[in-house]
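One-letter residues, chain by chain:
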Amino acid sequence: MDNLRGSHLSLVIDMSPMQWHLSGEGPPTNAYPLTLDAFLSQLLAFLNSHVASKDENTLAVFGAFPGRSVMLYSSTDPAPNQQNINANSFPPFELVDSNIIRRISEEMEDLGEPEEEAPCALVGALTKALCHINRITLATSTTVNNPSGGPNSTNLPDPRILILSVSPDLSTSYIPIMNSIFSAQKLKVTIDVCQIYGSDTVFLQQAAHLTGGSYIFLDRRDALLQYLIMAFLSPPSIRKILSVPTQDKIDFRAACFCHKSIVDIGFVCSVCLSIFCQPVPVCSTCRTKFPFKTLQRLNASRPMPPSSNSNSARPRTDTPQLRTISSSELALSSGPMNGMTTTAPVGGLAGGSIVNKREPSTNGKIHEPPEAR
Amino acid sequence: MPPRRDNDFIDADSESDISILGDDDLDTRGGKGKGKAKAGDKRKRDKGKAKAKDAQAYTWEANYTRSWETVQEDEAGSLRSSVEDWMARGRRRRLLAPASAIRRTIIRHLVLLLDLSASMMDRDMRPTRFDLTLQYAREFITEWFDQNPLGQIGVVGMRAGLGERIGDMTGNPQDVLRAIADRHKLEPVGEPSLQNAIEMARSSMNHLPTHSSREILIIFGSLTTCDPGNIHDTLDSCIKNKIRISVVALAAEMKICRDICDKTGGQFGVALNDGHFKDLLFELVPPPAQRALSRAAGAGATNPAADLMMMGFPTRLPDTSPPSLCVCHSEIKSEGFLCPRCLAKVCDVPTDCDICGLMIVSSPHLARSYHHLFPVKSYNAVMAIDHAVDSAKGCHGCSRPFPVAVAANTSEGLSPVGRYRCPECHRDFCSDCDVFIHDVVHCCPGCGK
Ligand SMILES: [Zn+2]
Ligand SMILES: [Zn+2]
Ligand SMILES: [Zn+2]
Ligand SMILES: [Zn+2]
Ligand SMILES: [Zn+2]
Ligand SMILES: [Zn+2]
């Protein structure tokens, strides 16, 4: 915990006009409507409290608009001149508020009235936020010996990114989002996510989980500011004490490329890493043909007996808990498994050895080179 | 050792190097522009000292100097010049790499073969070849696992005429690092034996599936090898087993090393100095292109080295689940992953299930490898500002304003106006972002993919 230096917050706002319109609609479909205007005023209150909580705190705001992403505000860059400063306002707040509102309205006007809304450039905004953090991190580490830099300025303390999202997952952005997550890990950036409207997004759940941030799905949109201040105002180093909600149920199983269903044993193309739920002769992504021997071998060592073939070809999509039980029933059909998931500390070993006896034919099969025989 | 005194080496600004040059040399070699002010500055400071050191013309006669401590800051107190050097090197490296998506081997198996013979105690690299090798090996392993999350590394040492297993093939970086952590256990002694060590490495990779790569990386500091038989037989069997051997030599080029690398499709390099040693090593971090592999396999290769792999995606147990023993360490823990086939609990993924042998990965591990398959096109250095087109005042990534002044002389591959343009979205980026996007993010902020 660094008491001398402030923390950095990069905020990424999802500005999809379509989703915000839906979010603002009234009760029959939407119990707790939140309009863009209401959102912005609560957001500015949150940003002001970030600025106010410590003099050294830095802030950058990025907007993800349909088809493009822009930096709306940065406290490290000199802000353009203020013409009319309200005498009754606190200048730092005024600076943040007026700049963000002005930039958002400029961008919204630029958007015009497109016939079809382009998907939101969340990836662009996220990568820009990372570039920005990288730049200020570089700047602090190269001026280590500057007297102004303080004693421990090799790293920006607690840089974090908060994503306020209203849009659903975009399947084409899976790889870029994962790449952004990994670079955030490298930079030691925490990614927090607040899903304000719509459904849970799996990608952003993973982003929060893999970087040690928290993911919050907003049930009560009218309490946005409450959520923001309780969960996201404190820098990550302080959160250990505050016990901010984290999610536990996150699921890292993969979806097959052929049916988009969740699989727990998949078949992966070694060239392009596409995932299939059953052995296929040709990869549908990269057109690679697989050796016939492999197909035979994999078909022979499928985890399920041929009788339950239909069962394995159609992967289960229910909740993880239910799934665990059902697959344990399939694999072992009786007793020891229940012991494993509930009590017995030796469960893992016992369960394993039983499988070992029951299915000797599958053991070690996968890693035998086909031509070894 | 004298071949070490070539241009590359002199460019590394250690004190001892500067004393090799006369004062006039220092002024004339300012062609790179940025080294000039700093070198001149240092010269004034060191004038008295340099005289005394004139006699000491060779590096290995110098005292223990750490070049990274003597160089660094220019008069403004920044690391600009050395950083720029490093960036220029990175840019050139990227431009040499093929831009199109090529097939790469994602599942890799590597045996790191360390020379632990007496020649590693040579002090021509500071502090010794051995210590430097260990240090770089650690960095290499960390970086390698970062880029090849599905790979595995084993470590073999060659000392006293034998091959010695130091670390078993494992996918856990901590295990590999632990294997080479204790330098006293690795104390160099005796003669190296290439044949014995390669045979040992080969035998540990015999059972591997064909779709994964089999690689041996040799860090070789000796100029001799002491073999029990004909090393060409070993070479032939390596070719047959499709093992790719790369050698980083610390002393000089040996015919047999060059042959081994050429015939198995690996890379061979002689390290000229510390920095070059590291470069050579880190060139081997990204997964090898598969076209080279099939070339090495010869015309008769019918196996396209592509295969379908069965993988298990585990269920993650939350921290709140009741504790149970893991199969890998037999420790009681709450968190862990359940093998989807046998439901054994393992601590960490990716791994092979200890019970049923299924390869267990989580989807982010697969995703971590995707950037090798879909790389970001390298940006082009903008050589001059066309005022009609260049409206952007700041970097598209970090929004920093571009410099207004045009730098007088920049080294090859760097933009005099500090702009690098994406060939896809035609946005301009600063040099920091260029490096960051290509080395870390692997996603262009302008294109968004
Ligand atoms: Zn499928
Ligand atoms: Zn494929
Ligand atoms: Zn364990
Ligand atoms: Zn298993
Ligand atoms: Zn930039
Ligand atoms: Zn681009």
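Residues numbered from 1 in each chain as written. Chains lettered and ligands numbered in written order. Predicted model: local features only at pLDDT ≥ 70, side-chain atom pairs only at ≥ 80, totals over all residues. Heavy atoms only, no water.

## Quick look at the overall build of chain B
Across its full length, chain B carries 15 helices and 17 strands. Within chain B, buried positions represent 53% of all 449 residues. Residue pairs at least 24 apart in sequence account for 68% of intrachain contacts in chain B once pairs closer than 6 positions are excluded. (Helix = DSSP H or I, 4+ residues; strand = E, 2+ residues; numbered from the N terminus. Buried < 20%, exposed > 50% of the residue type's maximum accessible area, 1.4 Å probe, protein only. Contact = heavy atoms within 4.5 Å.)

## Side note on the overall build of chain A
When you go through chain A residue by residue, the secondary structure sums to 13 helices and 10 strands. Within chain A, the proportion of its 373 residues that are buried is 50%. The long-range share in chain A, meaning contacts at least 24 apart out of those at least 6 apart in sequence, stands at 65%. Carbon and sulfur atoms make up 57% of the accessible area of chain A, which amounts to about 17500 Å² in all. (Areas by Shrake-Rupley, 256 points an atom, 1.4 Å probe, with all protein chains shown as cover.)

## Description of the UniProt feature "domain: VWFA" (unreviewed entry) in chain B
Those residues carrying the UniProt feature "domain: VWFA" (unreviewed entry) are residues 109–250 of chain B in this numbering. Along residues 109–250 of chain B, the helical share is 34% and the strand share 27%, with 24 Å between the first and last C-alpha atoms. (UniProt positions renumbered as here; feature names shortened; annotations may be inferred.)

## A short note on the sheet that holds strand S16 (residues 420–421) of chain B
All names here are of chain B. The three strands lie next to each other as S15-S16-S17, forming an open sheet whose pairing is antiparallel. Every other strand in the sheet has two partners, leaving strand S15 (380–381) and strand S17 (428–429) as the edge strands with one partner each. Summarising the sheet, S16 and S17 pair through two bridges and their orientation is antiparallel. Considered in S17, the bridge of Tyr 420 is made with Phe 429. (Pairing = 2+ DSSP bridges.)

## With respect to the coordination of the zinc ion (ligand 3)
Residues and elements named next belong to chain B. Of the protein atoms, only Cys 326 (SG), Cys 328 (SG), His 329 (ND1) and Cys 347 (SG) coordinate the zinc ion (ligand 3), at distances of 1.8 to 2.4 Å. Geometry at the zinc ion (ligand 3) is tetrahedral, judged from its four donor atoms and the angles of 100 to 130° they form at the metal. Taken in sequence order, the residues that donate to the zinc ion (ligand 3) follow the motif C-x1-C-H-x17-C. With a gap of 18 residues between them, His 329 in the loop between strand S9 (324–325) and strand S10 (332–333) and Cys 347 in the loop between strand S12 (345–346) and strand S13 (351–352) connect regions that are remote in the sequence. A residue is classified by how much of its surface remains accessible, and Cys 347, at 17% relative accessible area, is buried. (Donors = N, O, S within 2.8 Å, 3.2 Å for Na, K, Ca; no water. Tetrahedral: all angles 85-135°; square planar, octahedral: opposite > 155°, others 65-115°.)

## Section: the pairing of strand S3 (residues 162–170) of chain B
Residues and elements named next belong to chain B. Here six bridges tie strand S2 (residues 152–159) to S3, and the two strands are oriented antiparallel to one another. Following the sheet pairing, Val 156 is matched in S3 by Arg 165. Counting the residues between successive antiparallel strands, the hairpin from S2 to S3 contains two residues, one of them, Ala 160, with a positive phi of roughly 50°.

## Some words on the coordination of the zinc ion (ligand 1)
All names here are of chain A. The protein atoms that coordinate the zinc ion (ligand 1) are Cys 256 (SG), Cys 258 (SG), His 259 (ND1) and Cys 277 (SG), at distances spanning 1.9 to 2.3 Å. One can describe the donor arrangement at the zinc ion (ligand 1) as tetrahedral, given that its four donor atoms subtend angles of 97 to 128° at the metal. For the zinc ion (ligand 1), the single-chain donor residues occur in sequence as C-x1-C-H-x17-C. According to the relative accessible area criterion, Cys 256 is buried, its value standing at 1%.

## Quick look at the UniProt feature "domain: C2H2-type" (unreviewed entry) in chain B
The UniProt feature table records "domain: C2H2-type" (unreviewed entry) at residues 420–442 of chain B. Strand forms 17% of residues 420–442 of chain B and helix 48%; the C-alpha atoms that close the span are 16 Å apart.

## Some words on helix H3 (residues 91–111) of chain A
Residues and elements named next belong to chain A. Over its 21 residues, H3 runs 30 Å from end to end, which matches the ideal 30 Å to within 8%, given 1.5 Å per residue. All of the buried residues in H3 are Glu 94, Val 96, Asp 97, Asn 99, Ile 100, Arg 103, Ile 104 and Glu 107. In the core, the buried residues of H3 are packed alongside helix H2 (36–53), strand S2 (58–65) and strand S3 (68–74). (Expected span 1.5 Å × (residues − 1).)

## A closer look at the state of the cysteines
Tallied over the full model, the rule gives zero disulfides over all chains. Free of any disulfide, Cys 226 of chain B has its nearest neighbouring cysteine sulfur in Cys 257 of chain B, separated by 14 Å. (Disulfide = S-S within 2.5 Å.)

## Observations regarding the environment of Cys 277 of chain A
All names here are of chain A. Within the element layout of this structure, Cys 277 appears in the loop between strand S10 (275–276) and helix H9 (292–300). You can call Cys 277 buried: its relative accessible area is 3%. For the pair formed by Cys 277 and Asp 264, sequence separation is 13 residues and the distance between their alpha carbons is 8.7 Å.

## What to know about the sheet that holds S3 of chain A
Picture the strands of a sheet paired through backbone hydrogen bonds; they go either parallel or antiparallel. Residue and element names in this part refer to chain A. Ordered by their spatial adjacency, six strands build an open sheet running S3-S2-S1-S4-S5-S6, and the pairing between neighbours is mixed. Lying at the two open borders of the sheet, with one neighbouring strand each, are S3 and strand S6 (215–217). Across the sheet, the mean angle from the axis of one strand to that of its neighbour is 15°, orientation sign disregarded. In this sheet, strand S4 (residues 160–165) lies alongside strand S1 (residues 8–14) in parallel orientation, the contact comprising five bridges. Residue pairing in the sheet places Val 12 in a bridge with Ile 163 of S4. Lying over the sheet, helix H6 (residues 202–211) contacts S4, strand S5 (190–195) and S6, oriented at roughly 145° with respect to S5. (Axes fitted to C-alpha atoms, helices over the stretch in contact; angles between N-to-C directions.)

## Here we look at the packing of aromatic side chains
Residue and element names in this part refer to chain A. Overall, the coordinates contain seven aromatic pairs over all chains when judged by the stated rule. Judged by centre distance (5.1 Å) and plane angle (50°), the ring pair of Tyr 174 and Phe 203 falls under tilted. With Tyr 174 in helix H5 (residues 174–187) and Phe 203 in helix H6, the pair connects residues that are 29 residues apart, well separated along the chain. In terms of burial, Tyr 174 and Phe 203 fall into one category: buried. (Phe/Tyr/Trp six-rings, centres within 6.5 Å; stacked < 30°, edge-to-face > 60°.)

## Focus on the packing of H2 of chain A against helix H7 (residues 224–232) of chain A
All names here are of chain A. Where H2 contacts H7, the two axes come as close as 9 Å, and the packing angle between them is 25°. One way to sum up the angle between H2 and H7 is to call them roughly parallel. When the axes of H2 and H7 are compared, the crossing they make is right-handed. Contacts between H2 and H7 involve Phe 39, Gln 42, Ala 45, Phe 46 and Ser 49 from the former and Leu 224, Leu 225, Leu 228, Ile 229 and Phe 232 from the latter. By residue class, the composition of the contact of H2 with H7 is eight nonpolar, two polar and no charged. (Parallel < 35°, antiparallel > 145°, perpendicular 65-115°, else oblique. Left-handed = near helix turned anticlockwise from the far one by under 90°. Nonpolar A, V, L, I, M, F, W, Y, C, P; charged D, E, K, R; others polar.)

## Let's talk about H6 of chain A
Residue and element names in this part refer to chain A. With respect to burial, H6 is a largely interior element, seven of its 10 residues being buried. For H6, the full list of buried residues reads Phe 203, Leu 204, Gln 205, Gln 206, Ala 207, Ala 208 and Thr 211. Count one or two residues on from H6 and you reach Gly 212, which has phi positive near 80°.

## Describing the pattern of salt bridges
Taken as a whole and judged by the stated rule, the model has 24 salt bridges over all chains. In this structure, Asp 259 of chain B engages Lys 255 of chain B in a salt bridge whose closest nitrogen and oxygen atoms are separated by 2.9 Å. In this pair, Asp 259 of chain B and Lys 255 of chain B are both assigned in helix H11 (residues 255–264), four residues apart and thus about one turn of the helix distant. Using a relative accessible area of 61% as the deciding quantity, one classes Lys 255 of chain B as exposed. Residues joined by salt bridges that share partners form a network here, namely Arg 68, Arg 102, Arg 103, Glu 106, Glu 107 and Asp 110 of chain A. (Salt bridge = Lys/Arg side-chain N within 4 Å of Asp/Glu carboxyl O.)

## A few points about the confidence of the model for chain A
All names here are of chain A. Of all residues in chain A, 69% attain a pLDDT of 70 or more, and the chain-wide mean is 73. Confidence scores differ between elements of chain A, with helix H13 (residues 347–358) showing the lowest mean pLDDT of 33 and S4 the highest of 94. Across residues 143–154, where pLDDT falls below 50, the model places 11 contacts with residues more than four positions away in sequence or in other chains. Low pLDDT (under 50) marks residues 305–373, which in the prediction has 95 contacts with non-local residues, meaning those over four places away or in another chain. (pLDDT = per-residue confidence, 0-100.)

## Describing the nonpolar core
Counting 67 residues, the largest nonpolar core has Ile 161, Ile 163 and Leu 273 of chain A together with Leu 150, Met 311 and Leu 366 of chain B as the members making the most contacts within it. Considering every element that reaches this core, the biggest residue donor is helix H4 (residues 122–142) of chain A, with eight residues. Apart from residues lying up to four places away in sequence, Leu 366 of chain B is in contact with Leu 273 and Ile 275 of chain A together with Leu 150, Met 311, Phe 313 and Val 361 of chain B. Among the nonpolar cores identified, the runner-up in size contains 37 residues, and Val 61, Ile 216, Phe 232 and Val 244 of chain A belong to it. (Core = buried A, V, L, I, M, F, W, Y, C linked by side-chain atoms within 4.5 Å.)

## Here's the deal with the domain arrangement of chain B
Residues and elements named next belong to chain B. Here chain B is described as being made up of domain 1 (104–291), domain 2 (311–368) and domain 3 (380–441). A separation of 30 Å is found between the C-alpha centroids of domain 1 and domain 2. The interface of domain 1 with domain 2 comprises five residues on the first partner and eight residues on the second. Summed over both partners, the interface of domain 1 with domain 2 buries about 560 Å², with 62% contributed by carbon and sulfur atoms. When residues of domain 1 are sorted by the area they lose upon contact with domain 2, Asp 146, Pro 149 and Leu 150 head the list and together hold 68% of the total. Counting every contact that joins domain 1 to domain 2 gives one salt bridge. Where domain 1 meets domain 2, there are one residue pair in polar contact (both at pLDDT 80 or more). Here the residues of the side of domain 1 that touches domain 2 are counted per class, giving three nonpolar, one polar and one charged. (Domains from an automatic or database assignment. Buried area = accessible area lost by both parts, 1.4 Å probe. Polar contact = N/O pair within 3.5 Å; in protein donor to acceptor, adjacent residues only side chain to side chain.)

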